[in-house]
Amino acid sequence: MEKILSKDRLREWVDALDDCEVLAPAFADSVWNYARVEAETVIDLSHTNTINPPKQFAFPQREVFFRFERADGVPRLTPTLPDPRPTVVIGVRPCDGRGMPRNDTVFSKEFKDPYYWARRERLVLVGLACNQPHSPNCVCQSVGGAPHAEEGLDVLMTDLGDRFHVKGITAKGGELIARGGDAFASLQAGDPAEVARVHAAASSHPQRPVAELGTVAEAIRARFDSPLWEEMARHCIGCGICTYLCPTCHCFDINDEVTNPNHGTGERVRTWDNCQFPDFTMHTSGHNPRGDLGSRLRQRVAHKFLYFVENHGTQQCTGCGRCISECPVGIDIVAVVDRVSRA
Amino acid sequence: MVNVDALRGYAADLLEKGQVRAVIGYRRGTAGVLAQPCTIDEAGEAETLVWDPTCLNNLARYLVEDRQQQAAAQTRNKTPDGRPVAIVAKGCDSRAVAVLLQENYLKREDVVIIGVSCEGSGVIDPRKLAARPEGRWASRVDFAGADAFKVTVGGDETLIPARDLLADRCLECRAAAPALNDVLFGEVVTERGLDEPFRAVKAAQGATEDARWATWEHHFDRCLRCFACRAVCPMCYCPECVVDSTTFVNTPGTTAEEKATRIRWCERSASVSESALYHLTRAIHLAGRCIDCGECERVCPVNIPLRLLNTKLEMEAFEQFQYEAGRDFGQASLLSSFRDEDPNSFIR
Ligand code: SF4
Ligand code: SF4
Ligand code: SF4
């Protein structure tokens, strides 16, 4: 399904989704981030990529698995499977769209994670193609994507100046467009050519190449014990920016958070975790198999470009550029992959 | 002006003569406009050193890393190379080194401080640069006197008033040249007149208590607990932090009972209460120690105004005790000293 949506009628479409939680990028505190669309919100889709990717809407940083308490000496568990309203995220950039099916794979291949899927099944991603890259660190095309890639998105919008071209990609996406009713118009004769022109122009911007993508996995395997990793990680400060902001990093920790020890009351909670923190691999014995910064950098890069390829047949990096732009010390996954490939 | 070639030559000479085992400095990054930290072990690599307004990191952080590695080598019964390490230091980096010396974390003879002047201006705030048209595509930023930066985008060079790009910490900086140094490149500029010290925190504390709490709830709510603020801070050098899940390292001798009954001061959940605990604990642990390099605020991906927390405490230290962290490594530290004339009106 393909339609045209005049920009001044976007709000009409959003208003028709009144049973849904609708989120859109908003510029607050000097960063773009997703925020709930309220009655008075003016939706501004001139955003660069949001600082947080949309993975949080299926995989929140904190998920309660169940609550526990002790009543008359008997432990009691209360399940807390999430039951969210349908959630529509508007303005998802195509790199982040491609991140979602990768997360879906992780949370379903061997074991279908009920918490993830309770949210994911009610999540609708409305993408917005990029008419130009947002920074020199956008590398979507170098990892097999495109500024107008459809993978993972339910709807793809393309900015045509005063109007959006809106394409339903999945059945869910088609239904969402149908709910906009009259807000949408049919395509005019010149529109398909115009969309093709905008997409081609966006793709023509040069991007930094990610080595020879096909040979990267092999190169990483061959250089597993190389001193390069330690050298490249020499100034890494071991924070969690690269993983927490990544649209496809999905590691987690599970803890019991006790609120009242006398009554044995509390919650079992899943929170994001992070391969760059030293305690991530700390054994109860005190031994840490990834005790240095080099092995942790290698882990992250190898997960994106080797292990994920081995396990699931594709790279896990979708080229959003966040880990590059936000790294406090300039560690650059494109340069890292490049050096390992050419070593 | 700092003569960068002279700086490189000085670093190369130190390495050539074997007077230091490494030089910690800045080099061009591979992505974007910012310089990145580097450690030079061979004289030949000194060519890669740079000094410009994109040299944001507080390099004293790497002296801490270095000391930890030296200590680790010692526990492995290796005799570490005992020669000093040299560090390229702007005003705030040198103040951080002074605090590390004052706290006996480092010994004066273990570090050679290569001071660089901030040319009467300071370093840029990358968010201010990114907010300008084409700012994200800048390939270079250079000093252009005290009042301007020269920004290069593609082939075009533009002069931008320094005030529009300077990091907030630099606007409020009281000592934009490294007072503590073994050699200084560039001139000491004392007159700056950009912004009064503590301006931002003074403005923020004008709000009512309710309004301030609402503001900080809003900020703590979006904290990801990526701990970049702590990781980048040269003063956050505790080997174990109370907020970590494995607080206090397990050894083969730690019993199961000990592990099970260990107090967790801070839950892993990035909720307002836990993040407030983290940030307030950190701020208190930095009282009289934070030298306002602003790195914690700079690296925060969600832009939480962390400087306000630390500068609030530094303002109290200054106004009540005339104490400035990093001013003089010979002074007694704020929390370990007492003078008869110290105000005590807050003791109730
Ligand atoms: S690895 Fe970096 S560039 Fe790739 S998807 Fe993750 S954050 Fe984006
Ligand atoms: S850098 Fe920012 S998001 Fe990360 S822990 Fe610190 S305050 Fe929170
Ligand atoms: S608390 Fe922040 S401003 Fe203070 S020394 Fe640490 S990183 Fe610098």
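Only a predicted model underlies this, so the values are computations on that prediction, with no experimental measurement involved.

> Even after reading the chapter, I still don't get the site of ligand 3, so can you show me in this structure?
Residues in close proximity to ligand 3 include Cys-233, Arg-282, Leu-286, Cys-290, Ile-291, Asp-292, Cys-293, Gly-294, Glu-295, Cys-296 and Asn-310 of chain B, which together make up its full environment. Residue classes in the shell around ligand 3 are distributed as six nonpolar, two polar and three charged.

> How should I be thinking about the packing of helix 8 (residues 209-221) of chain B against helix 11 (residues 272-285) of chain B in this particular structure?
How two helices pack is summed up by the angle between their axes together with the distance between the axes. All names here are of chain B. For the pair helix 8 and helix 11, interaxial distance at closest approach is 9 Å and the crossing angle is 100°. Between helix 8 and helix 11, the angle falls in the class roughly perpendicular. Mapping the contact onto sequence places Glu-217, Phe-220 and Asp-221 in helix 8 and Val-272, Ser-275, Ala-276 and His-279 in helix 11.

> Just to check I follow, could you spell out the domain arrangement of chain A for this structure?
A common way to express how large an interface is: the accessible area buried when the components associate. Residues and elements named next belong to chain A. By domain assignment, chain A separates into domain 1 (2-203) and domain 2 (213-342). Placing the centre of domain 1 and that of domain 2 at their C-alpha centroids yields a distance of 25 Å. Counting from both sides, the interface comprises 40 residues of domain 1 and, opposite them, 44 residues of domain 2. Of the roughly 3,500 Å² buried where domain 1 meets domain 2, counting both sides, 56% is carbon and sulfur surface. Applying the counting criterion to the domain 1 and domain 2 interface returns five salt bridges. Of the charged contacts in the structure, one is a salt bridge between Glu-257 and Arg-62, with a shortest N-O distance of 2.9 Å. Viewed at the interface, domain 2 and domain 1 are joined by 27 residue pairs in polar contact (both at pLDDT 80 or more). Breaking the side of domain 1 that touches domain 2 down by element, the ones donating at least two residues are strand 4 (62-71), helix 2 (94-106) and helix 3 (114-120). The leading source of residues in the side of domain 1 that touches domain 2 is strand 4, at nine residues. Here the residues of the side of domain 1 that touches domain 2 are counted per class, giving 17 nonpolar, 12 polar and 11 charged.

> Any chance you could explain the interface of chain B and chain A here in plain terms?
Taken together, the contact pairs 44 residues of chain B with 49 residues of chain A. Approximately 3,500 Å² of surface area, both sides summed, lies buried where chain B meets chain A, with 52% of it carried by carbon and sulfur atoms. Of all residues in chain B, Arg-136, Leu-224 and Arg-268 of chain B bury the most surface against chain A, accounting for 19% of the area lost on that side. For the pair chain B and chain A, the interface holds four salt bridges. Taking the shortest distance from any N to any O, the salt bridge between Asp-253 of chain A and Arg-268 of chain B comes out at 2.9 Å. Linking chain B with chain A are 18 residue pairs in polar contact (both at pLDDT 80 or more). When the residues that make up the side of chain B that touches chain A are grouped by side-chain class, the tally is 18 nonpolar, 13 polar and 13 charged.

> Quick question: what am I supposed to make of the sheet that holds strand 7 (residues 156-161) of chain B here?
Hydrogen bonds between backbone groups are what pair the strands of a sheet, and the pairing can be parallel or antiparallel. Residue and element names in this part refer to chain B. Sheet architecture is open: three strands sit in the order 5-6-7, paired in antiparallel fashion. Each edge of the open sheet is held by one strand with a lone partner, namely strand 5 (138-143) and strand 7. Across the sheet, the mean angle separating the axes of adjacent strands is 25° when strand polarity is ignored. In this structure, strand 6 (residues 148-153) lies alongside strand 7, joined through six bridges in antiparallel fashion. The residue bridging Phe-149 from the neighbouring strand is Ile-160, located in strand 7.

> Explanation requested: the nonpolar core in the structure shown.
Buried together is how nonpolar side chains tend to be arranged in soluble globular proteins. One finds Ile-220, Val-301 and Phe-305 of chain A together with Trp-51 and Val-97 of chain B to be the most contacted residues of the largest nonpolar core, which totals 161 residues. Structurally, this core is a two-domain feature, drawing no fewer than three residues from each of domain 1 (2-203) and domain 2 (213-342) of chain A. If we skip the residues at most four places from it in the chain, Phe-305 of chain A touches Val-143, Val-210, Leu-213, Val-216, Ala-217, Ile-220, Gln-315, Cys-317, Ile-333 and Val-337 of chain A. Grouped together as the second largest cluster of nonpolar side chains are 24 residues, Leu-17, Cys-20, Val-124 and Leu-128 of chain A included.

> Help me understand the environment of Arg-282 of chain B in this model?
Residues and elements named next belong to chain B. In this structure, Arg-282 sits in helix 11. The sequence separation of Arg-282 and Cys-241 amounts to 41 residues, and the corresponding C-alpha distance is 9.4 Å. When near neighbours in sequence (up to four residues on either side) are disregarded, Arg-282 contacts Cys-229, Arg-230, Cys-233, Cys-236, Cys-296 and Asn-310. Among the polar contacts listed, one links the side chain of Arg-282 to the backbone oxygen of Cys-229, at a separation of 3.2 Å.

> I tried to follow helix 13 (residues 306-321) of chain B on my own but got confused; where do I start?
Residues and elements named next belong to chain B. The end-to-end C-alpha distance of helix 13, which contains 16 residues, comes to 23 Å, matching closely the 22 Å that a straight helix rising 1.5 Å per residue would cover. Within helix 13 the residues assigned to the buried category are Leu-306, Arg-307, Leu-308, Leu-309, Asn-310, Thr-311, Glu-314, Met-315, Ala-317 and Phe-321. Elements in contact with the buried residues of helix 13: helix 6 (168-171), helix 7 (199-204), helix 8, helix 9 (228-232), helix 11 and helix 12 (295-299). Once helix 13 ends, the next one or two residues include Gln-322, with phi positive near 50°.

> When you look at the state of the cysteines in this model, what are you seeing that I'm missing?
Note on terminology: disulfide describes a covalent bond linking the sulfur atoms of two cysteines. What the rule picks out here adds up to zero disulfides over all chains. Unpaired in terms of disulfides, Cys-236 of chain A finds its nearest cysteine sulfur in Cys-327 of chain A, a separation of 6.8 Å.

> Explain the pairing of strand 4 of chain A to me, please; I cannot follow it from the model alone.
When a strand is regular, its side chains alternate between the sheet's two faces. All names here are of chain A. The pairing of strand 4 with strand 12 (residues 265-272) spans six bridges and is antiparallel. Residue pairing in the sheet places Val-64 in a bridge with Val-269 of strand 12. Of the pairings in the sheet, the one linking strand 4 to strand 5 (residues 74-79) comprises six bridges and is antiparallel in character. By the bridge assignment for strand 5, Glu-69 is matched with Arg-76. Hairpin remark: strand 4 followed by strand 5, antiparallel, with two residues in the connecting loop; positive phi at Asp-72, about 50°.

> How should I be thinking about the packing of aromatic side chains in this particular structure?
Here a ring pair, both rings aromatic, is described through the centre-centre distance and the interplanar angle of the planes. As enumerated under the stated definition, the model contains 21 aromatic pairs over all chains in all. Taking the centre distance of 6.4 Å and the plane angle of 20° together, the rings of Phe-107 of chain A and Phe-252 of chain A count as stacked. With Phe-107 of chain A in the loop between helix 2 and helix 3 and Phe-252 of chain A in strand 11 (residues 252-260), this pair connects stretches of sequence that are 145 residues apart. For Phe-252 of chain A, a relative accessible area of 35% gives the class partly exposed. Centroid distance Tyr-116 of chain A to Trp-117 of chain A: 5.4 Å. Interplanar angle 75°. Geometry classified as edge-to-face. Under the relative-accessibility criterion, Tyr-116 of chain A is labelled buried at 1%. What makes Trp-117 of chain A buried here is its relative accessible area of 16%. An aromatic cluster is defined as three or more aromatic residues linked by ring pairs; in this entry it consists of Phe-59, Phe-107, Tyr-116, Trp-117, Tyr-244, Phe-252, Trp-272 and Phe-277 of chain A together with Phe-227 and Tyr-278 of chain B. The ring centre of Trp-272 of chain A lies 4.8 Å from the NZ or CZ of Lys-55 of chain A, which sits over that ring. When the ring centre of Tyr-237 of chain B is taken as reference, the NZ or CZ atom of Arg-289 of chain B above it lies at 5.4 Å.

> Explain the pattern of salt bridges to me, please; I cannot follow it from the model alone.
Charged atoms that come close allow side chains of opposite charge to pair. Residues and elements named next belong to chain B. Tallied over the entire structure, the rule returns 55 salt bridges over all chains. Between Arg-8 and Asp-5 there is a salt bridge, with its nearest N and O atoms 3.2 Å apart. Note that Arg-8 and Asp-5 are positioned in helix 1 (residues 4-16) at a spacing of three residues, about one turn of the helix. Its relative accessible area of 18% is what places Arg-8 among the buried residues. Between Glu-295 and Arg-298 there is a salt bridge whose closest N-O contact spans 2.7 Å. Residue Glu-295 and its partner Arg-298 are both found in helix 12; the two are separated by three residues, about one turn of the helix.

Cut-offs used in this document
Residues numbered from 1 in each chain as written. Chains lettered and ligands numbered in written order. Predicted model: local features only at pLDDT ≥ 70, side-chain atom pairs only at ≥ 80, totals over all residues. Heavy atoms only, no water. Near = heavy atom within 4 Å. Nonpolar A, V, L, I, M, F, W, Y, C, P; charged D, E, K, R; others polar. Axes fitted to C-alpha atoms, helices over the stretch in contact; angles between N-to-C directions. Helix = DSSP H or I, 4+ residues; strand = E, 2+ residues; numbered from the N terminus. Parallel < 35°, antiparallel > 145°, perpendicular 65-115°, else oblique. Contact = heavy atoms within 4.5 Å. Domains from an automatic or database assignment. Buried area = accessible area lost by both parts, 1.4 Å probe. Salt bridge = Lys/Arg side-chain N within 4 Å of Asp/Glu carboxyl O. Polar contact = N/O pair within 3.5 Å; in protein donor to acceptor, adjacent residues only side chain to side chain. Pairing = 2+ DSSP bridges. Core = buried A, V, L, I, M, F, W, Y, C linked by side-chain atoms within 4.5 Å. Buried < 20%, exposed > 50% of the residue type's maximum accessible area, 1.4 Å probe, protein only. Expected span 1.5 Å × (residues − 1). Disulfide = S-S within 2.5 Å. Phe/Tyr/Trp six-rings, centres within 6.5 Å; stacked < 30°, edge-to-face > 60°. Lys NZ or Arg CZ within 6 Å of the ring centre and 35° of its normal.

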